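Now for the letters of each chain:
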Amino acid sequence: MSEITNSGILTTDGIPLKESLKKAERKNKIRALLLVAPLLLFIFFTFVMPIGSMLTRSTDDSYINNVFPKTFKVYQKWDRVGLPSEEIYATMFLEVKQASGFEIGKASTRMNYAKSGWKSMIKKSKRKFKKISENDGPFKDKMIEVDKKWGDPEYWLALGVMVDPTTYEYYLNSFDKKYDSEKNIIDQPEERRIYTKTWIKTFKVSILVTFFCLMLGYPISYLLATLPLKYSNLLMICVLLPFWTSLLVRIVVWMVILQQKGVFNNFMVISGLIADENRWQLMYNQTGTIIVMTQILLPFMVLPLYSVMKTISPNYMRAALNLGASPLHAFWKIYMPNSVPGISAGGMLVFVIAIGYFITPELVGGKDGQMIGNWIGYHLKTTLNWGLSAALGGILLVIMTVLYWIYNKLVGIENIKLG
Amino acid sequence: MNLPKYATTGQRIGYYSFMTYCGLVFFFLIAPIFIVLPLSFSSSSFFEFTPEFMRFEPEAYSLKWYKQMLGICGVDVTTVCTNKWMLGVRNSFIVGIASTILATSLGTIAALGLSRPHMPFKALIMAILISPMIVPLIITAAGMFFFYSQLGLTHTFTGLILAHTALGTPFVVITVTATLTGFDTNLIRASQSLGADTLRTFFKVIMPLILPGVISGALFAFITSFDEVVVVLFIGSVEQITIPKQMWAGLRQEISPVILSMATCLVLLSIALLTTVELLRRRSERLRGIKSQ
């Protein structure tokens, strides 16, 4: 082999064959890349960059440093004992006075995350500082007169966590932790601990939905895979139609069914199973979220299960039965282990989709059914605590990536089938 | 899956209970979708089957919600009558069609590249191209909300169309790559050796063969955009009313049965789309000589 390459077979133009082949291959590679390039660039700019910029936001604390640059500079020299010196008070005074109302508003919101009380204090000071002249120092006592919180070292100490323009505080917040003034990690106060609970709830709901999807999806996938094709094609439509129907339509429908005077409760009352006055509360709670999500995600369980079960030869079961196994035993020992790839693929897919759900819990979940996605949306639109929503999103993204990596190892992402 | 004649009682019970269970699951899957059809003709202002409706009394039936949806305001209509629904329909179609065209053309070309045997970094590129389908919509919406607002793209149709195109492309890439597996590359060589240039080969040889995949990919992209609500909620303004956004608003604020009429129309649309995709899939399998047993 090496002899041939060393002696060098030449093409008609006198170039060694190996080089010529390499050249042709490179050309092919470039051509293939050029075809993919437009979409790749498009996805990069419209999708990858936005998510990347969101992630940088989750550790970014530079805004406040830009509003109070001088204060933070002199602040770093402070020994953190008692009240700060007049110099710190004076720079703070000037910077609050000079900053625009918009900047002050945004910065004070950030300061409020570190210690509540800052926002009202800054707002009040901004208004009252106008009356105090810039040459009218010293400012320490005047500031304390405007708001006595300026005289509380606790507030000054709380600023310490913001000095660094990169922060991990939002990630800590996502697990109900925070920095104290010495940058030690401590628990949030009892009444602000919501995220750990929500993470657990999100996992719990996703696991339950996956479990119910498996319980409902396994038998019908088996039926679909074993029926003759002309019947199974017809039944397959029952699985695919919900898949194609608008998500919101399905939620509306479930509201019609599950509400207090809805179809289900009416049916139960008319058939005498429950009394008119204690109709079941099936919506605006976790039960509602789980029921609706199960129906919505069931096709994602059935499709992978079906495609795996289709490949299991019926002869295996026949052989097991022939050898004297009871049907249940044969199923448990022969069919079940063969269908495990389908179970893991479907289960993983349902779980991964469920964990990032937003619309369904928002509409039918009520207070008790909210998942982590809903908190991301809430901080994005309502509280404008964008750092926290970016951090929650970042954590969710990491969980998803890990799960998909496992999914990819199990089934391969390119094997995702549609319809 | 048939019960043999010699089945024991136990087997019979097992078989019938299994069938009943499966029947119930299919009922759970499909029945809810059809509940909305009769209810949309009810004259009641609530989402419920009134006793009069169940007794088939003519007064309990009405087309008023459909009229409201279409923006026809009669004298008997007491609730606020606006044209928001039709505006939503118009916007949904504009955004849907524009993003479908973009997604289909970008996605098809990329799929052609991905199916070439010499594609470098294939797995990585595939993962990036499919990621918009995998990342939860709320994260996508959050990222776009920050990034597009810096570029002034929020509250514009351009931004919305770009966002929906990004969400739709994975479906096109997946369906077209699937059609291209088993594509006989000798056909391209034959066409080229007969003197056709690249464009002519593409339109006369490749395109007719992959067309079923391209169309079903386009339909997936369209329905993705048509059904998308999270991104619209975060990057759209009050002007960018689409059907799902209007339904969302309808469910959160003014619970009006017009939603049921719109839902009925959407169910009919989804039946039409599903039928088309199924027919295309079978045609494609026939064309490529894959027997469906």
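These numbers were taken from a predicted model, which means no experiment stands behind them. (Residues numbered from 1 in each chain as written. Chains lettered and ligands numbered in written order. Predicted model: local features only at pLDDT ≥ 70, side-chain atom pairs only at ≥ 80, totals over all residues. Heavy atoms only, no water.)

## Thoughts on the confidence of the model for chain A
All names here are of chain A.
Logical step 1: When the pLDDT values of chain A are averaged, the result is 85; 96% of them are 70 or greater.
Logical step 2: Confidence, expressed as mean pLDDT per element, reaches its minimum in chain A at helix H1 (residues 2–7) with 49 and its maximum at helix H11 (residues 195–226) with 94.
Logical step 3: Contacts for the low-pLDDT stretch residues 1–5, under 50 throughout, to residues beyond four places or in other chains number two contacts. (pLDDT = per-residue confidence, 0-100. Helix = DSSP H or I, 4+ residues; strand = E, 2+ residues; numbered from the N terminus. Contact = heavy atoms within 4.5 Å.)

## Let's talk about helix H6 (residues 101–114) of chain A
Logical step 1: Its 14 residues place the ends of H6(A) 20 Å apart at the C-alpha level, agreeing with the 20 Å of an ideal helix rising 1.5 Å per residue.
Logical step 2: Those residues of H6(A) that sit buried are A:Ile104, A:Ala107, A:Ser108, A:Thr109, A:Arg110, A:Met111, A:Tyr113 and A:Ala114. (Expected span 1.5 Å × (residues − 1). Buried < 20%, exposed > 50% of the residue type's maximum accessible area, 1.4 Å probe, protein only.)

## Concerning the environment of A:Lys261
Logical step 1: If you trace the backbone, A:Lys261 turns up in the loop between helix H13 (247–258) and helix H14 (263–270).
Logical step 2: Taking the C-alpha atoms as reference, A:Lys261 lies 9.6 Å from A:Trp280; in sequence the two are 19 residues apart.
Logical step 3: When near neighbours in sequence (up to four residues on either side) are disregarded, A:Lys261 contacts A:Asn266, A:Arg279 and B:Glu48.

## So, a positive patch on the surface
Logical step 1: Taken together, the side chains of A:Lys18, A:Lys22, A:Lys23, A:Arg26, A:Lys27, A:Arg31 and B:Arg116 make up a positively charged region of the molecular surface.
Logical step 2: Mapping A:Lys27 onto the fold places it in helix H2 (residues 17–57).
Logical step 3: For A:Lys27, a relative accessible area of 56% translates into the label exposed. (Patch = residues over 30% accessible without salt bridge, like charges linked within 9 Å, V, L, I, M, F, W, Y side chains within 5 Å. Areas by Shrake-Rupley, 256 points an atom, 1.4 Å probe, with all protein chains shown as cover. Salt bridge = Lys/Arg side-chain N within 4 Å of Asp/Glu carboxyl O. Lys, Arg positive; Asp, Glu negative; His and termini not counted. Charge placed at Lys NZ, Arg CZ, Asp CG, Glu CD.)

## Here we look at empty space enclosed by the protein
Logical step 1: The full count for this structure, using the stated rule, is two cavities of 30 Å³ or more.
Logical step 2: If you add up the space inside the largest cavity, you get close to 70 Å³.
Logical step 3: As for the largest cavity, its lining consists of A:Trp244, A:Thr245, A:Ser246, B:Ile223, B:Phe226, B:Asp227, B:Pro244, B:Leu266, B:Leu269 and B:Ser270.
Logical step 4: Looking at the lining of the largest cavity, the elements that each hand over two or more residues are helix H9 (198–227) and helix H12 (258–287) of chain B.
Logical step 5: Of the residues contributing to the lining of the largest cavity, the split by class is six nonpolar, three polar and one charged.
Logical step 6: Volume-wise, the second largest cavity comes out at about 30 Å³.
Logical step 7: Lining of the second largest cavity is provided by B:Leu39, B:Ser40, B:Ser42, B:Ser44, B:Phe46, B:Trp65, B:Pro257 and B:Leu260.
Logical step 8: Residue composition of the lining of the second largest cavity, grouped by class: five nonpolar, three polar and no charged. (1 Å grid on protein atoms, 1.4 Å probe; cavity = no way out; pocket = protein on both sides within 12 Å on 5 of 7 lines; lining within 4 Å. Points joined across faces, edges and corners; volume = space filled by probe spheres on them. Nonpolar A, V, L, I, M, F, W, Y, C, P; charged D, E, K, R; others polar.)

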